[in-house]
Amino acid sequence: MSGSNDHQESGHDGPERDEAPDRRLRLVYDGDCPMCRRYVRWQRIRRDVGELELIDGRRESEARHELSDQGIDLDQGFALQIGERWYHGSEALHRLTLLGTRSGVFNRLMYRLFASPRRAARLYPWLKACRNALLRLCRIPPIDNLRR
């Protein structure tokens, strides 16, 4: 599943504006994970940041190959590219939160939880554990991008 995030809104009330609109923004996530699919559907980024390309990490793509070549394990967390740099796991969640709007209950909650890099690092393992339990419960195999 690759596509554009049409859930963008204006307003740049975030503390960080180092992401210029002409920079590449790509999010590689687990398209078979119900929790991950909901997150990317509900997450909204600011219009002034640019357009976020959503990429299913289970499908073959240039981004998946780049991540695999860099040793980034998509079973350990999603990956966010801003410009030329990739962020993974809690750091990706933190950065994506800073790019987001503060409109809507979901986006305000995400900001309160993950705008702090320390808090994101503390909470991310719990999210990952919930995701892994959900995948096992649904009998969804790992992505295994590093073994293919």
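In short, a report on the structure. (Residues numbered from 1 in each chain as written. Predicted model: local features only at pLDDT ≥ 70, side-chain atom pairs only at ≥ 80, totals over all residues. Heavy atoms only, no water.)

1. Side note on the nonpolar core
Link 1 in the chain: Counting 26 residues, the largest nonpolar core has Leu27, Tyr39, Leu52, Phe78, Leu80, Leu96 and Leu99 as the members making the most contacts within it.
Link 2 in the chain: Among the secondary structure elements, those contributing two or more residues to this core are strand S3 (25-29), helix H1 (34-42), strand S6 (79-82), helix H3 (90-99), helix H4 (105-114) and helix H5 (117-137).
Link 3 in the chain: In terms of residue count, the dominant contributor to this core is H3 (four residues).
Link 4 in the chain: Those residues in contact with Leu96, other than ones at most four positions away along the chain, are Leu27, Tyr39, Gln43, Ile45, Leu52 and Leu80.
Link 5 in the chain: Counting residues in hydrophobic clusters, the runner-up holds nine residues, among them Val28, Leu67, Leu74 and Ala79. (Core = buried A, V, L, I, M, F, W, Y, C linked by side-chain atoms within 4.5 Å. Buried < 20%, exposed > 50% of the residue type's maximum accessible area, 1.4 Å probe, protein only. Helix = DSSP H or I, 4+ residues; strand = E, 2+ residues; numbered from the N terminus. Contact = heavy atoms within 4.5 Å.)

2. Description of unusual backbone geometry
Link 1 in the chain: Its identity as a non-glycine residue notwithstanding, Arg139 has a phi of 60°, on the positive side.
Link 2 in the chain: Phi angles above zero are rare outside glycine, and Asp144 is one such case at about 55°.
Link 3 in the chain: Mapped onto the elements, Asp144 comes out in the segment after H5.
Link 4 in the chain: Asp144 sits in the partly exposed class, given a relative accessible area of 23%.

Just geometry here; none of it tells us what the structure is for.
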